[in-house]
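# Survey of secondary and tertiary structure
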Amino acid sequence: MSVKSLLLILSVIIVYGTLSACQLGVDRGDGDSITIFSERHYEADRMIYEKFEAETGIKVNLVRDSADPLLVRLENEGEATIADLLVIADAGGLVRAKERDLLQPIDSPFLESVVPEHLRDTDNYWFGLTKRARVIVYHPDRVDVSELSTYEALTEPYWRGRVVTRQASNIYNQSLMAALLEAIGEEAASDFAEGLVANFAETPSGNDRAQANKVLQGIADVAIMNTYYFGIMLNSGEDWQVQAANELEIFFPNQETTGTHINASAIGVTKHAKNPEAAQQFIEFLLSEEIQEFIINNTFEYPINPSVELPELLKSWGQFNEMTVNLEALGKNNNRAKEIMDQVGWDN
Ligand code: FE
């Protein structure tokens, strides 16, 4: 066989292979399947998709990636998108998706009744799915709980060299700043950022669990991090993580003022969804009492549906007042939050 004909055969194979892969990719949604673009990475989510399939006969396809690539892909695919639903771990991601005209409103009396107003879009383009609290974690040998009060109080000289949290590039801290901008105003929020950075024990690095480890190791005495990592650490099977979860304590700040900053994973139906009815049915399924309970028992997040009873572990952390600024603020104030964090040298 000549090289030429070999190349011809090869290119036929490649073209055919690409075409069939494309065909798989552009499933137009025939009424019994939905495709989710999701940033969440929980085993529990996968189990829920299977449960939905079993109960409804609607097949669930999952495309997993981080927030920005998913938004870019949705934008690029336009009307041809295979996505019916978008799930982002930070509500700000859904705000950006709405701003970029990638979502459509959902008309669901059920969702409006179970999702508190501050945890959904004003025009019903997205709804909160699960809730996260970003709190102060401390080592009780080195910090007495009476010394703790607010996020802002961590800027006092008393805390010099004793505070850790992750980098400014991390969406969790960007959203904390964005929420504070809304709740306490630009000047106070900037003062908070500047004062917090002045009290950092070291240059920010690592994820939320790494911050817990720094407090455990005595590198710092307090960390700002999300509560659900305590559940994850307890169940990690790794010694230092279990030890951190057992030794460290959770404190809900700003109880007498703004309430503790919360964020939410959120979900919306894409503008060009092929199967919007099934997509809405899926969101309603996720917000049902039964599924909410299943999710939080596995991810240690807080439920959005208020009728769900908390697992013992979450009860043991205590009740708290949450900030009730609408999570739209996380998207709206994200750029300003990043600018301030950059100006105060958060990562330097
Ligand atoms: Fe996380």
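This text goes with the structure placed above it.
Read on for an overview of the structure. This is a predicted model, so every value here is computed, not measured.

Conventions we followed
- Residues numbered from 1 in each chain as written.
- Predicted model: local features only at pLDDT ≥ 70, side-chain atom pairs only at ≥ 80, totals over all residues.
- Heavy atoms only, no water.
- Helix = DSSP H or I, 4+ residues; strand = E, 2+ residues; numbered from the N terminus.
- Buried < 20%, exposed > 50% of the residue type's maximum accessible area, 1.4 Å probe, protein only.
- Contact = heavy atoms within 4.5 Å.
- Donors = N, O, S within 2.8 Å, 3.2 Å for Na, K, Ca; no water.
- Core = buried A, V, L, I, M, F, W, Y, C linked by side-chain atoms within 4.5 Å.
- Domains from an automatic or database assignment.
- Salt bridge = Lys/Arg side-chain N within 4 Å of Asp/Glu carboxyl O.

Looking at where Leu314 falls in the secondary structure, it is placed in helix H13 (residues 312-316). What makes Leu314 buried here is its relative accessible area of 0%. Between the C-alpha atom of Leu314 and that of Phe300, which follows or precedes it by 14 residues, the distance is 7.1 Å. Discounting chain neighbours no more than four positions away, the residues touching Leu314 are Phe300, Glu301 and Tyr302.

Time to look at the coordination of the iron ion. Ligation of the iron ion by protein atoms is provided by Tyr172 (OH), Tyr228 (OH) and Tyr229 (OH), these donors lying 2.0 Å from the ion. Along the chain, the residues donating to the iron ion fall in the pattern Y-x55-Y-Y.

By size, the foremost hydrophobic cluster in this structure holds 107 residues, and its most contacted members are Leu86 and Phe282. Both of domain 1 (3-131 + 265-307) and domain 2 (132-261 + 320-343) provide at least three residues apiece to this core. Once residues within four sequence positions are removed from consideration, Leu86 is found in contact with Phe37, Leu70, Leu71, Leu74, Leu94, Ala97, Leu103, Ala266, Ile267, Gly268 and Thr270.

In this section: the pattern of salt bridges. Following the criterion strictly, the structure yields 22 salt bridges and no others. In this structure, the salt-bridge partner of Glu77 is Arg73, at a minimum N-O distance of 2.7 Å. Placement of the pair is Glu77 and Arg73 together in helix H3 (residues 67-77), with a separation of four residues, close to one helical turn. Assessed through its relative accessible area of 24%, Glu77 is described here as partly exposed. Residue Arg73 is classed as partly exposed on the basis of its relative accessible area, which comes to 32%. What emerges from the salt-bridge pattern is a single network uniting Arg40, Asp45, Arg132 and Glu301.

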